[in-house]
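Here are the chains, one letter per residue:
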Amino acid sequence: QVQLVESGGGLVQAGGSLRLSCATSGSIFSIYVMGWYRQAPGKQRELVAQITSGGTTNYADPVKGRFTISRDNAKNTVYLEMNSLKPEDTAIYYCNIECRVTMWAGRTSYWGQGTQVTVSS
């Protein structure tokens, strides 16, 4: 069973920084895409950043130039470095991966339980 555990969230003042981590566990054959999403109160969950197994990254416009996604393929872990945080970055941040659990399995999406990020003004 694949599990994702996020850490690193918390309360920070505007302009500050946080680093989120997402560690995966369980039997995984291959991870294709790792990413971070966020959901603010009353809003839909939205993509923040993604990174492929080859290192190609994709960022949502509101976080470009401030957030950096990276991954450690040996540890099956993904990180999100968040700088110059703004109050509008306040949300629950969720880790997501697309992977195969065996060579013959199809690609499946898995989610973490989320970690709260609160940015005060």
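Here the structure is shown first, and the text comes after it.
Residues numbered from 1 in each chain as written. Predicted model: local features only at pLDDT ≥ 70, side-chain atom pairs only at ≥ 80, totals over all residues. Heavy atoms only, no water.

1. Looking at the overall build of the protein chain
Next, step 1: From N to C terminus, the protein chain includes 0 helices and 11 strands.
Next, step 2: For the protein chain, the succession of helices and strands along the chain, N to C, is β-β-β-β-β-β-β-β-β-β-β.
Next, step 3: Whereas a compact globule of 121 residues would reach a radius of gyration of roughly 14 Å, the protein chain reaches 14 Å, a difference of no more than 12%.
Next, step 4: Dimensions of the protein chain along its principal axes, counting C-alpha atoms only, are 50 × 25 × 25 Å.
Next, step 5: Counting all 121 residues of the protein chain, 40% fall into the buried class. (Helix = DSSP H or I, 4+ residues; strand = E, 2+ residues; numbered from the N terminus. Rg over C-alpha atoms; globule rule 2.2 N^0.38 Å. Buried < 20%, exposed > 50% of the residue type's maximum accessible area, 1.4 Å probe, protein only.)

2. Some points on the pattern of salt bridges
Next, step 1: All chains considered together, the criterion is met by 6 salt bridges.
Next, step 2: Residues Asp89 and Arg38 are paired through a salt bridge, measuring 3.0 Å at the closest nitrogen-oxygen approach. Pair noted here: Asp89 is in the loop between strand 8 (77-82) and strand 9 (91-100) and Arg38 is in strand 4 (residues 30-39), with a separation of 51 residues, a long-range link. Neither residue differs from the other here; Asp89 and Arg38 are each classed as buried.
Next, step 3: Lys64 serves as the salt-bridge partner of Asp61, at 3.0 Å between the closest nitrogen and oxygen.
Next, step 4: Relative accessible area serves as the criterion here: at 59%, Asp61 is assigned to the exposed category. (Salt bridge = Lys/Arg side-chain N within 4 Å of Asp/Glu carboxyl O.)

3. Concerning the environment of Gln1
Next, step 1: By secondary structure assignment, the location of Gln1 is in the segment before strand 1 (3-7).
Next, step 2: A relative accessible area of 80% places Gln1 in the exposed class.
Next, step 3: Sequence spacing of Gln1 and Asn58 is 57 residues, and the spatial spacing of their C-alpha atoms is 28 Å.
Next, step 4: Not counting the four nearest positions on each side in its chain, Gln1 is found in contact with Ser25 and Gly26. (Contact = heavy atoms within 4.5 Å.)

4. Some thoughts on the layout of surface pockets
In this approach the atoms are scanned with a rolling probe the size of a water molecule, which exposes any empty space left behind.
Next, step 1: Reported here for the largest pocket is a volume of approximately 210 Å³.
Next, step 2: Considering the residues around the largest pocket, the lining is formed by 13 residues, among which Arg38, Ala40, Lys43, Glu46 and Glu88 are closest to the centre. (1 Å grid on protein atoms, 1.4 Å probe; cavity = no way out; pocket = protein on both sides within 12 Å on 5 of 7 lines; lining within 4 Å. Points joined across faces, edges and corners; volume = space filled by probe spheres on them.)

5. Structural notes on the nonpolar core
Next, step 1: Counting 29 residues, the largest nonpolar core has Trp36, Leu80, Met82 and Tyr93 as the members making the most contacts within it.
Next, step 2: Broken down by secondary-structure element, the contributors of at least two residues to this core are strand 3 (18-25), strand 4, strand 5 (46-52), strand 7 (67-72), strand 8, strand 9 and strand 11 (115-120).
Next, step 3: If one sorts the elements of this core by residue count, strand 9 sits on top with 5 residues. (Core = buried A, V, L, I, M, F, W, Y, C linked by side-chain atoms within 4.5 Å.)

6. Side note on the state of the cysteines
Next, step 1: Evaluation of the coordinates by the stated rule reveals 1 disulfide.
Next, step 2: Not part of a disulfide, Cys99 finds its nearest cysteine sulfur in Cys95, a span of 11 Å. (Disulfide = S-S within 2.5 Å.)

7. As for the packing of aromatic side chains
Next, step 1: As enumerated under the stated definition, the model contains 1 aromatic pair in all.
Next, step 2: The interplanar angle of 65° and the centroid separation of 4.9 Å between the aromatic rings of Tyr37 and Trp111 together place this pair among those described as edge-to-face. Placement of Tyr37 in strand 4 and of Trp111 in strand 10 (residues 108-111) is noted, with a sequence separation of 74 residues between them.
Next, step 3: On the basis of relative accessibility, which here comes to 17%, the residue Tyr37 falls in the buried class. (Phe/Tyr/Trp six-rings, centres within 6.5 Å; stacked < 30°, edge-to-face > 60°.)

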